[in-house]
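Per-entry structural report
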Amino acid sequence: MKCKLEIPDSTKKVGMLSFEYCSYSTEITLSKQLETIYCGSFSYCTSLSGTLIISDSVTEIGTYAFERCDKLTTLTLSKSINFIDHGSFTHCTSMTGSLVIPESIVKISSNAFEICTSFTSIVFNDKTARSLSTLQINSNALNGCSGLTSKSFSNHIDYIGNDAFSECPYLKGSLVIP
């Protein structure tokens, strides 16, 4: 049975653990006015599939917000997001294609995309006017993303944590950290 979970446009925040273990929903549409997705809001929603679009009004994704939503296949991040918290997308193993990190992001926390095994590339969009902020990629942020074959780094990465890209055996080419 297909069931669509729609968060109405009047919603600005999705609270902690709001839909955790919600196994009946197969599709999700987030509010266009959503600003914050709190800790574990959609964790273990193992039936969610297809595309997840984080609207441009979202500035923060909380700890384990989409942990183990392992049938989601495509991720589009908000152009306004500046913080992806610990384990936000860990074990989302079916997300394919490119993981595009918007230029607004200043921190990708530990384990944020750990074991997202189907991404094939990661692109860090560069800020043209990023004079006041730089990007931090914390420990294990992309650990175990075994499908990654290419990367494009920003000129403004100031910190790469321990094991940030460990267990990514198919990354090719030169690793140039600007």
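For the structure itself, look to the data block above.
Residues numbered from 1 in each chain as written. Predicted model: local features only at pLDDT ≥ 70, side-chain atom pairs only at ≥ 80, totals over all residues. Heavy atoms only, no water.

**Side note on the overall build of the protein**
A count of helical and extended segments in the protein gives 0 helices and 14 strands. Rg of the C-alpha trace for the protein: 15 Å, near the compact-globule value of 16 Å for 178 residues, within the 12% margin. Seen through its C-alpha atoms, the protein measures out along the principal axes to roughly 45 × 35 × 20 Å. Per-residue burial over the protein gives 47% buried out of 178 residues. Restricting to contacts in the protein with at least 6 residues of sequence separation, those with at least 24 account for 46%. (Helix = DSSP H or I, 4+ residues; strand = E, 2+ residues; numbered from the N terminus. Rg over C-alpha atoms; globule rule 2.2 N^0.38 Å. Buried < 20%, exposed > 50% of the residue type's maximum accessible area, 1.4 Å probe, protein only. Contact = heavy atoms within 4.5 Å.)

**A word on the packing of aromatic side chains**
A full pass over the atoms with the stated rule returns 6 aromatic pairs. Between the aromatic rings of Tyr21 and Tyr44, the centroid separation amounts to 4.8 Å while the plane-to-plane angle is 15°, which identifies the pairing as stacked. Separated by 23 residues along the polypeptide, Tyr21 in the loop between strand S2 (13–14) and strand S3 (27–29) and Tyr44 in the loop between strand S4 (36–37) and strand S5 (49–53) bring together distant segments of the chain. Given the relative accessible area of 52%, Tyr21 is considered exposed. Between Phe66 and Phe89, the aromatic rings sit 5.4 Å apart at their centres with planes inclined by 0°, giving stacked as the arrangement. Residue Phe66 is found in the loop between strand S6 (60–61) and strand S7 (71–76), and its partner Phe89 is found in the loop between strand S8 (83–84) and strand S9 (97–101); the two are separated by 23 residues along the sequence. Both residues of the pair, Phe66 and Phe89, belong to the buried class. (Phe/Tyr/Trp six-rings, centres within 6.5 Å; stacked < 30°, edge-to-face > 60°.)

**Regarding the environment of Ser43**
Within the fold, Ser43 resides in the loop between S4 and S5. Put simply, Ser43 and Cys168 are 125 residues apart on the chain and 24 Å apart in space, counted from C-alpha to C-alpha. Beyond its immediate chain neighbours, meaning those up to four positions away, Ser43 contacts Phe19, Glu20, Tyr21, Tyr64, Ala65, Phe66 and Glu67. A polar side-chain atom of Ser43 sits 3.5 Å from a polar atom in the side chain of Glu20. (Polar contact = N/O pair within 3.5 Å; in protein donor to acceptor, adjacent residues only side chain to side chain.)

**Some thoughts on the pattern of salt bridges**
Scanning all chains against the criterion turns up 1 salt bridge. Linking Glu35 and Lys12 is a salt bridge whose minimum nitrogen-to-oxygen distance equals 3.9 Å. In this pair, Glu35 is assigned in the loop between S3 and S4 and Lys12 in the loop between strand S1 (4–6) and S2, connecting sequence segments 23 residues apart. (Salt bridge = Lys/Arg side-chain N within 4 Å of Asp/Glu carboxyl O.)

**Section: the sheet that holds S2**
With parallel pairing, 7 strands are arranged side by side in an open sheet as S2-S4-S6-S8-S10-S12-S14. Both outer strands of the open sheet, S2 and strand S14 (157–160), are each paired with one neighbouring strand and no more. Looking at chain direction, S2 and S4 are connected through 2 bridges and run parallel. What sits directly across from Val14, in S4, is Ile37. (Pairing = 2+ DSSP bridges.)

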